[in-house]
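Structural overview for review
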Amino acid sequence: MAEPKTNVLMEKIVSLCKRRGFIYPSSEIYGGIAGFWDYGPLGAELKRNVKDLWWRRVVHQRDDVAGLEATIIMAPQIWKASGHVDTFSDPMVDCKTCKGRFRADQLAETPCPQRPSKMVSECHGEKTPPRPFNLMFTTHVGPVQDDSSLAYLRPETAQAIFAQFKNVLETSRQRVPFGIAQIGKAFRNEVTPRNFTFRSREFEQMELEFFIRPDEAVEAICGHVATPAGPGHPGEPQPDWGWQMWHQYWVEERLRFYESLGLSRDTLEEYWQKPEELAHYARACVDILFKFPFGTQELEGIAARSDFDLSQHQRFSGKPMTVFDEELKNAWAKLPQEKQDALWRRYFEARRAYLARMGETAEQAEALARADADGLARGWYVPHVIEPSAGVDRLILALLCHAYSEVTDTDAKGKPETRVILRFHPSVAPIKVGVFPLLKNRPELVARAREVRDLLRPRFTVFYDETGSIGRRYARQDEAGTPFGVTIDFDTLGETPALKDTVTVRERDTGRQERVAIAELIGWLEAHLR
Ligand code: GAP
C-alpha cells in the first residue's frame, strides 16, 4: 500500500493528511486496498465545502441549470450505448519477471513492485504485448449470477444525465440551452492507481452536461453563428452563440471557479487537445491542469461532445431524444430557399457521417439523416452538449497541495521549530473558527468561551478547544487550515473595562490579532470569510 517515495513534499502531505484526519487509506487495519481512500473528519468537511460551492455556482446561482442525483448502477445497455463496454479500456502489459501489471502508456513512470527504487522501464523483465483492459467494475443484480444479471458500477456520472435528459427537460420546464448537473461517485478499475488520491478506483465527479442548439439551428434563427473573437471570457450568453462560444464560456467559467477557491491562475494551465487526441465525436476538449508536486496534471476536462451521447441513447433505447424548438420552426419558415437548402445539407451531412461511423449501412445512414434534416426544418433536433467534468478528489488534492506551507519559529528555549500551516481559502476551510478560553481552569473564562462558541455555531463550523497552551491551540488550528481563532481572556470579562465583551481574533496567515466586540463578531467573521 505504501506510495512510491518519489516526492518529499507529497510524502509530507500524505502524512499530514493521515495525522490530521483529512485522508486515510481505506481498510487500513487490514493492510489497505490499493486505489481506495477514506476522508476523515477534516477531509469530510473539506469535501462537503467543495461540493457545496460547485453546486451553488453551477446550479443555484443560475437559471439555466437543474440538478440530478441518479443511481450508481444503471441498466447495462447504457454502457453499451455510451461506448464504455466496447472501448473504455487501457492498454495493459504484464511483466514476466516481477509479475506486476502496468499500463503500457505509463511504464516509464511506474515503480517496479519487486524493486520500488527502480522504474518499470528499468526492470529488465520481459513484458507481454499490450492488451485492452476494460476499466469498469462489474457486479450482478439479483440472486442469479449470469450474463443476464451483469451490471456495472458507473465509470462516470454523465451517462445518467443523458439517460434522464427527457425527464428533466419535461419536469424542470427548461429549454435548450440549459444544463443538468450531477455530483456523485464513479468507479474505475485503474490498472495502476497512483499519486495518492489523484488516480483512485473509487472517486467522485462533479459533472455538467450543458445542452445547446446545433449551429445550423442557431444560424437559422439568428442569421449567423457567433464565434470567439479571441481568448478570455466571452461574457453573458447570447442567442447567437454556437458551440465554440459556449465551449470557451464554460472553460472560462470553470477557471473562475478554481480561482474563487484560491487556486490562482499561475497554478493552473489549459491544455487544448490536439485533433488527433480527440475522441471521434468530440469537436474540442480543454483540460484544466494543476501544478501538482508530482507534475502538471488534469483537474477537469471541458469537452464539446456534439450530439453524440443523446443520439446514441436514441438509437439504443428507441426513445426520441429530440427537442422541439418553436423559434427554429418559425425562423426556418422565413428563410430563403437557398439558405434552407444549405443548412439542411450541412445538418444532413453531419448526421449521416455520425450514423455511418456508428455502423449503419450507407442506405440506412442516408435515410435516417434525411429524416433528421427534415426534422430540423420543422423545428426538431437532438441537442449538442458541452461537458465540464471535474474530479472532486483531484480538486481536494490540489487544494491541499496549494495550501501546504511550512514556517519555522523559535520556541521559548530558542530552538527552531518547523510547523505546518494549511493556507486554505476561507470558503473551503474545513473549520472556519477556533474558539479558545485563555485558561481551562478558570470557569468564568470557560463559560464565556462556550457562550461565544454557541453564538457562532449556527453560522460557522466552529472548533472549541481548551486544552494545551494557547500557542499550541493556535498551531493545531493552523495545521487544520482554520482561518480565524477567537480567544476569550480576562479583558473579555472586564479586567480592562474598555475591553469588556470583546475577544481577540487571530488571523491564521499573518498571526495578526485584532480586538472585536462579541456583538460584532458574526458580522466581522462573515466579512472576512468570503
Ligand atoms: N464524463 C467525462 C469523463 O468522465 P474523464 O476525463 O474521464 O471524463 C473527468 O473524467 C474527471 O474525473 C477528470 O478530469 C478527473 O478529475 C476525474 N477522474 C477521472 N478518473 C479519475 C480517477 N481514477 N481518480 C480520480 N479522479 C478521476
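None of the values given here were measured: they were computed from a predicted structure. Residue positions are counted from 1 within each chain, in the order its sequence is given. The predicted nature of this model means local features are confined to residues of pLDDT at least 70 and side-chain atom pairs, given and counted, to a pLDDT of 80 or more, with totals for whole chains, interfaces and linings taken over all residues. Excluding hydrogens and water, the side-chain figures rest on all heavy atoms present in the structure.

**Regarding the overall build of the protein**
Of the regular secondary structure elements, the protein holds 16 helices and 23 strands. In terms of overall dimensions, the protein has C-alpha extents of about 90 × 65 × 50 Å along its principal axes. The cut-offs for exposure are 20% and 50% of the maximum accessible area for each residue type, with area from a 1.4 Å probe on protein chains only; residues under the lower value are buried, those over the upper are exposed, and the others partly exposed. Classification of the 530 residues of the protein by burial places 52% in the buried group. Here the protein displays about 24800 Å² of accessible surface, and carbon together with sulfur accounts for 51% of that area. Looking at the protein, you have 71 positive and 76 negative side-chain charges, and the mean spots of the two groups are 4 Å apart. Secondary structure elements are taken from DSSP: a helix is a run of H or I of four residues or more, a strand is a run of E of two residues or more, and numbering for both begins at the N terminus. The method behind every accessible area is Shrake-Rupley, applied with a 1.4 Å probe, and residues are considered shielded solely by the protein chains displayed. The charge count includes Lys and Arg as positive and Asp and Glu as negative, but it does not include His or the ends of the chains. For charged residues, the charge sits on one atom: NZ in Lys, CZ in Arg, CG in Asp, CD in Glu.

**Focus: the packing of aromatic side chains**
Two rings from Phe, Tyr or Trp (for Trp, the six-membered ring) form a pair when their centres sit within 6.5 Å of each other. Planes less than 30 degrees apart are called stacked, planes more than 60 degrees apart edge-to-face, and all others tilted. This model, assessed by the stated rule, comprises 24 aromatic pairs. Taking 6.2 Å as the distance between ring centres and 80° as the angle between the ring planes, the aromatic pair formed by Phe-162 and Phe-211 counts as edge-to-face. Linking Phe-162 in helix H5 (residues 158-163) with Phe-211 in strand E10 (residues 202-212), this pair joins segments that are 49 residues apart in sequence. When its relative accessible area of 0% is taken as the criterion, Phe-162 is described as buried. When the ring of Phe-290 is compared with that of Phe-292, the centres are 4.9 Å apart and the planes differ by 80°; the resulting orientation is edge-to-face. Neither residue differs from the other here; Phe-290 and Phe-292 are each classed as buried.

**Things to note about the site of the ligand**
The local shell around the ligand holds 19 residues, among which Glu-156, Arg-188, Glu-207, Glu-298 and Leu-299 are the closest. For this analysis, a polar contact is any N or O atom pair within 3.5 Å, provided that within protein one partner can donate a hydrogen and the other can accept it, and provided that sequence-adjacent residues contribute only side-chain to side-chain pairs. Within the side chain of Gln-205, an N or O atom sits 3.0 Å from an oxygen atom of the ligand. Here an oxygen atom of the ligand and a backbone polar atom of Gly-391 are 3.0 Å apart. Within the complex, 88% of the 560 Å² of free accessible area of the ligand lies under protein. Contributions of two or more residues to the shell around the ligand are made by E10, strand E13 (295-304) and strand E16 (384-391). Its residues assigned to classes, the shell around the ligand shows five nonpolar, five polar and nine charged. One heavy atom within 4 Å of a molecule or strand is enough for the residue carrying it to be called near that molecule or strand. Each residue is assigned to one of three groups, with Ala, Val, Leu, Ile, Met, Phe, Trp, Tyr, Cys and Pro labelled nonpolar, Asp, Glu, Lys and Arg labelled charged, and all others, Gly among them, labelled polar.

**Thoughts on helix H11 (residues 337-357)**
Since the α-helix turns once every 3.6 residues, residues separated by three or four places project in the same direction. In a helix, the anticipated span is given by 1.5 Å times the number of residues less one. In this model H11 runs 30 Å from its N-terminal to its C-terminal C-alpha over 21 residues, within 8% of the 30 Å that 1.5 Å per residue would give. Residues of H11 that are buried: Gln-340, Leu-343, Trp-344, Tyr-347, Phe-348, Arg-351, Tyr-354 and Leu-355. In a view along the axis of H11, the buried residues occupy a sector of 135°, so they form one face of it. At its buried positions, H11 is contacted by helix H7 (215-222), helix H9 (308-317), helix H10 (326-334), helix H12 (362-377) and strand E15 (380-381). Taken from the residues just after H11, Gly-359 is the one with a positive phi, measuring 100°. The arc in question is traced by the directions running from the helix axis to the C-beta atoms. By definition, residues are in contact when any of their heavy atoms lie within 4.5 Å.

**Some remarks on the pattern of salt bridges**
By convention in these notes, a salt bridge is any Lys or Arg side-chain nitrogen within 4 Å of a carboxyl oxygen on Asp or Glu. Inspection of the entire model under this criterion finds 52 salt bridges. For the salt bridge of Lys-12 with Glu-406, the shortest nitrogen-to-oxygen distance reads 2.9 Å. Of this pair, Lys-12 sits in helix H1 (residues 8-20) while Glu-406 sits in strand E17 (residues 404-410), and the two are 394 residues apart along the sequence. The class of Glu-406 is partly exposed, set by a relative accessible area of 36%. Between Lys-185 and Glu-202 there is a salt bridge; the shortest N-O distance is 2.9 Å. Within this pair, whereas Lys-185 is found in strand E9 (residues 178-187), its partner Glu-202 is found in strand E10, the two being separated by 17 residues in sequence. Its relative accessible area of 29% is what places Lys-185 among the partly exposed residues. Residue Glu-202 is classed as partly exposed on the basis of its relative accessible area, which comes to 28%.

**Thoughts on the confidence of the model for the protein**
The predictor's confidence in any single residue is recorded as pLDDT, a number from 0 to 100. Overall, the predicted model of the protein reaches an average pLDDT of 95, with 98% of residues at or above 70. Overall, residues 1-5 carries pLDDT values under 50, and its contacts beyond four positions in sequence, including any with other chains, amount to eleven contacts.

**Looking at the sheet that holds E13**
To summarise the sheet geometry, strands pair through backbone hydrogen bonds and adopt either a parallel or an antiparallel arrangement. Whether two strands pair depends on DSSP finding at least two bridges between them. Spatial ordering of the open sheet is given by E3-E9-E10-E16-E13-E12-E11, a layout of seven strands whose pairing is mixed. The sheet is open, and its two edges are formed by strand E3 (65-67) and strand E11 (268-272), each paired on a single side. The average undirected angle you get between the axes of adjacent strands in this sheet is 25°. In this structure, E11 lies alongside strand E12 (residues 284-292), joined through five bridges in antiparallel fashion. Looking across to E12, one finds that Trp-272 is bridged to Val-286. Where helix H6 (residues 165-172) meets the sheet, its contacts fall on E3, E9 and E10, and the angle it forms with E9 comes to roughly 135°. Sitting on the sheet, helix H8 (residues 243-260) touches E10, E11, E12, E13 and E16, and the angle it makes with E13 is about 140°. Axis angles are defined between N-to-C directions and span 0 to 180 degrees, where every axis is a line fitted to C-alpha atoms and, for a helix, only to the segment in contact.

**Re the domain arrangement of the protein**
Many descriptions give the size of an interface as the accessible area lost when the pieces come together. Domain boundaries assigned for the protein yield domain 1 (335-379) and domain 2 (431-528). Bear in mind that the domain bounds are from an automatic or database domain assignment. Each of domain 1 and domain 2 has a C-alpha centre, and the two are 68 Å apart.

**Quick word on the environment of Ala-480**
On the secondary structure map, Ala-480 appears in helix H15 (residues 470-480). Using a relative accessible area of 1% as the deciding quantity, one classes Ala-480 as buried. Between the C-alpha atom of Ala-480 and that of Leu-107, which follows or precedes it by 373 residues, the distance is 36 Å. With sequence-adjacent residues up to four places away left out, Ala-480 is seen in contact with Arg-20, Phe-22, Leu-42, Leu-422, Phe-424 and Pro-430.

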